[in-house]
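Listed below, chain by chain, are the residues.
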Amino acid sequence: MKLLSTHSNKVKSFWLTNLVYVKDADTELIQQIAEDDQVESITEEQIAHLIEPVDMKNVEALADEHQWGVVKIQAPEAWQELGTLSGEGVIIATVDTGVRGTHEALKDNFVGEYGWFDPSTSTPEPTDNNGHGTHTTGTIAGGKGIGVAPGAKWAACRGCASSACWQSDLLACGDFFACPLVLMDPAQTAAKPQMSSPTPGEVVEETPGTMKSLRVGMQLKSSTFSNGNSGPSCNTATLLLTKMSLLVSAPGSNVISAYHTSDTAYVSLSGTSMACPHAAGAIALLQVRDKNLSYVKAKEFLLGQADKNLVSTGRTCEGIPDNEFPNHVFGTGRINALKSVRAQTLAMQG
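The protein appears in an unreviewed UniProt entry as Bacillopeptidase F from Orchesella cincta. Quoted verbatim from the Sequence similarities (unreviewed entry) heading of the UniProt record, the comment on the protein is "Belongs to the peptidase S8 family."

Here's what the structure looks like:
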């Protein structure tokens, strides 16, 4: 648009969503843009805020064993079902606060070139000033016993410069993961990551409007989003994408994973942001044998094989007790990576 040519340093174009972002537009400029018949609508930028995890505890010494959430969803048994593969050949992608790329549990499986983008501060290498993104990425694909799919490679985009996630940054991450080289080297083309955990979080907990923008922008094969609960009680979900408060549940309490404060730092955190990466890791395992796994099939394997022999909380939300499935406490149940992979095996055989 010729009108915006004089504001070029404050204008960003998002090609996937056909949106133009204009920073610091005054009333006069907005009125001029509104008069252009090529413009469908003008909206103010949304800012999503991370719902901070709770119960943070520093881990002085990491036990030489798989973390409890990895064990609970039977990820190690799923690796055996896959012929000892634990995510090899799959690239996972997170949109979060970044990742400490030098962390001992993550440095060896960073995808490398074209695997990192920072739309807000343009850091050349993966970094994280918050810790949220390092923790969630570790649960998906970290080594040292913390990851569900430690054989997978990881890529990341800093959609949240701090605990705030600007819509323009999230949209830029969508463009990046759809084709990293368009942003970083337009003369080339690139393969897409197979799946993501945008922690809007997942990677990032976000408002529905910003979530919609991110989901439209990220043309990935499977995406997972945390529900953004502010607590375990009824009516605490902040992100409602379905009639149920959540589709499925996963381990999310006292989850130990990597942290951003040093290359050997680990902390225990609790929240839906800790649960979602378990589901993302399980989908990565499903993609080991099917790189073209659709969202519909991934959902079918995860939800259809979810564990229902869960300890009841005694809560009844919206008239549905938590021992009747699906419900607003556990969704369809707790994910089980082994059962999901076995269901995939049967489907492939028959």
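Structure shown, so let's carry the discussion forward.
A separate point is the pattern of salt bridges. Per the stated rule, a full pass over the model turns up seven salt bridges. A salt bridge links R158 to D118, with the shortest nitrogen-to-oxygen separation between them at 3.2 Å. Residue R158 is found in strand β7 (residues 153-158), and its partner D118 is found in the loop between β6 (116-117) and α4 (132-141); the two are separated by 40 residues along the sequence. Considered together, R158 and D118 belong to a single accessibility category, that of buried residues. The network of salt bridges with common partners includes D307, R334 and K339.

At a closest axis distance of 10 Å, the pairing of helix α8 (residues 272-286) and helix α9 (residues 295-304) adopts a crossing angle of 115°. Judged by the sense of rotation from one axis to the other, the crossing of α8 with α9 is right-handed. Contact with α8, carried on its side by A279, A282, I283 and L286, involves A298, F301 and L302 of α9 and no other residues of that element. Its residues assigned to classes, the contact of α8 with α9 comprises seven nonpolar, no polar and no charged.

Take the state of the cysteines next. Taken as a whole and judged by the stated rule, the model has two disulfides. Between C160 and C165 runs a disulfide, and the two sulfur atoms are separated by 2.1 Å. Between C160 and C165, the S-S torsion sits near 95°, and that sign places the bridge as right-handed. Judged by relative accessible area, which is 0%, C165 ranks as buried.

Here we come to empty space enclosed by the protein. The calculated volume of the largest cavity comes to roughly 40 Å³. The wall of the largest cavity is formed by Q67, W68, G69, V70, T139, I146, V255, I256 and H278. Those elements giving two or more residues to the lining of the largest cavity turn out to be α2 (68-72) and β11 (255-258). Among the elements that line the lining of the largest cavity, the one with the most residues is α2, at three residues. The residue makeup of the lining of the largest cavity, split by class, is five nonpolar, four polar and no charged.

Rules used throughout
Residues numbered from 1 in each chain as written. Predicted model: local features only at pLDDT ≥ 70, side-chain atom pairs only at ≥ 80, totals over all residues. Heavy atoms only, no water. UniProt positions renumbered as here; feature names shortened; annotations may be inferred. Salt bridge = Lys/Arg side-chain N within 4 Å of Asp/Glu carboxyl O. Helix = DSSP H or I, 4+ residues; strand = E, 2+ residues; numbered from the N terminus. Buried < 20%, exposed > 50% of the residue type's maximum accessible area, 1.4 Å probe, protein only. Axes fitted to C-alpha atoms, helices over the stretch in contact; angles between N-to-C directions. Left-handed = near helix turned anticlockwise from the far one by under 90°. Contact = heavy atoms within 4.5 Å. Nonpolar A, V, L, I, M, F, W, Y, C, P; charged D, E, K, R; others polar. Disulfide = S-S within 2.5 Å. 1 Å grid on protein atoms, 1.4 Å probe; cavity = no way out; pocket = protein on both sides within 12 Å on 5 of 7 lines; lining within 4 Å. Points joined across faces, edges and corners; volume = space filled by probe spheres on them.

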